[in-house]
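Inside the fold
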Amino acid sequence: MTDAGAKNRNKNYLEYVKSCEPRTKHFKNCAAAFGVGGLICCIGQFFRYMLQFAGLTGDVLAGAVSVILIFLGCLLTGLGVYDRIGRCAGAGSIVPITGFANSVASPAIEFKTEGWIYGMAAKMFTVAGAIIVFGVFAGVATGLVYCFV
């Protein structure tokens, strides 16, 4: 077989594959991610205003809002709602703090049948482990920079 014949066959195959793959809806996906991510942030801001009205300030206020959002992310993951949100919103549901809670809670729920230690505790950080390690490393590096500067 000649090189021209092989190239023509490869070109025909690539055209066939392109005709079979579904069209992506970039604008719709970006709009959904923006809307859901913004809604999650608005919910966090609502809790911030409510807790600020209740008298919390500073770091206590920030910590309380973070805990509430993490709890809601884990609760919605446990109820199976967060997965449906993620299918619609894509990155909009992953980026906020609730997405991190989802990435820790999902493997824990999935592997709970393997036991408390080798199932839930060991598998809980399979997805989020790299994020936690990078976060700790970045925190230590930032602390050292502030210490020596």
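Here the focus is the overall build of the chain. When helices and strands are tallied, the chain shows eight helices and zero strands. Against the globule reference of 15 Å for 149 residues, the chain gives a C-alpha radius of gyration of 22 Å, more extended than a compact globule. Along the first, second and third principal axes, the C-alpha atoms of the chain reach 75 × 50 × 35 Å. Pairs at least 24 residues apart make up 50% of the contacts formed inside the chain by residues separated by at least 6 positions.

The geometry of helix H2 (residues 26-53) relative to helix H4 (residues 81-89) is characterised by a closest axis approach of 8 Å and an angle of 140° between their N-to-C directions. The orientation of H2 with respect to H4, classified from their angle, is oblique. Facing Ala32, Ala33, Val36 and Ile40 of H2, the residues of H4 in contact are Tyr82, Ile85, Cys88 and Ala89. A class-by-class count of the residues in the contact of H2 with H4 yields eight nonpolar, no polar and no charged.

Let us look at the environment of alanine 32. Relative to the assigned elements, alanine 32 resides in helix H2. Judged by its relative accessible area of 24%, alanine 32 is partly exposed.

Considering every residue of the chain, the mean pLDDT works out to 84; 94% of them sit at 70 or more. For the chain, the element scoring lowest by mean pLDDT is helix H7 (residues 116-123), at 70; H2 scores highest, at 92.

This paragraph deals with H2. Under the 1.5 Å per step criterion, the end-to-end length of H2 is 40 Å for 28 residues, consistent within 8% with the ideal 40 Å. Those residues of H2 that sit buried are Ala33, Gly37, Ile40, Gly44 and Leu51. Those residues of H2 that are buried lie in contact with helix H3 (58-78), H4, helix H5 (91-94) and helix H6 (97-110).

Attention shifts here to the state of the cysteines. Throughout the structure, instances matching the rule amount to zero disulfides. The structure places no disulfide on cysteine 42, whose sulfur is separated from the nearest cysteine sulfur, that of cysteine 41, by 7.2 Å. As a non-bridged cysteine, cysteine 88 has cysteine 30 as the owner of its nearest cysteine sulfur, 15 Å distant. On the basis of relative accessible area, cysteine 88 is assigned to the exposed category, the value being 58%.

Turning our attention to a nonpolar patch on the surface. Together, Phe125, Ile132, Val136, Val140, Leu144 and Phe148 make up a nonpolar patch on the protein surface, roughly 590 Å² of accessible area in all. Inspection of the secondary structure puts phenylalanine 125 in the loop between H7 and helix H8 (129-148). Its relative accessible area of 42% is what places phenylalanine 125 among the partly exposed residues.

Rules behind the numbers
- Residues numbered from 1 in each chain as written.
- Predicted model: local features only at pLDDT ≥ 70, side-chain atom pairs only at ≥ 80, totals over all residues.
- Heavy atoms only, no water.
- Helix = DSSP H or I, 4+ residues; strand = E, 2+ residues; numbered from the N terminus.
- Rg over C-alpha atoms; globule rule 2.2 N^0.38 Å.
- Contact = heavy atoms within 4.5 Å.
- Axes fitted to C-alpha atoms, helices over the stretch in contact; angles between N-to-C directions.
- Parallel < 35°, antiparallel > 145°, perpendicular 65-115°, else oblique.
- Nonpolar A, V, L, I, M, F, W, Y, C, P; charged D, E, K, R; others polar.
- Buried < 20%, exposed > 50% of the residue type's maximum accessible area, 1.4 Å probe, protein only.
- pLDDT = per-residue confidence, 0-100.
- Expected span 1.5 Å × (residues − 1).
- Disulfide = S-S within 2.5 Å.
- Patch = residues over 30% accessible without salt bridge, like charges linked within 9 Å, V, L, I, M, F, W, Y side chains within 5 Å.
- Areas by Shrake-Rupley, 256 points an atom, 1.4 Å probe, with all protein chains shown as cover.
- Salt bridge = Lys/Arg side-chain N within 4 Å of Asp/Glu carboxyl O.

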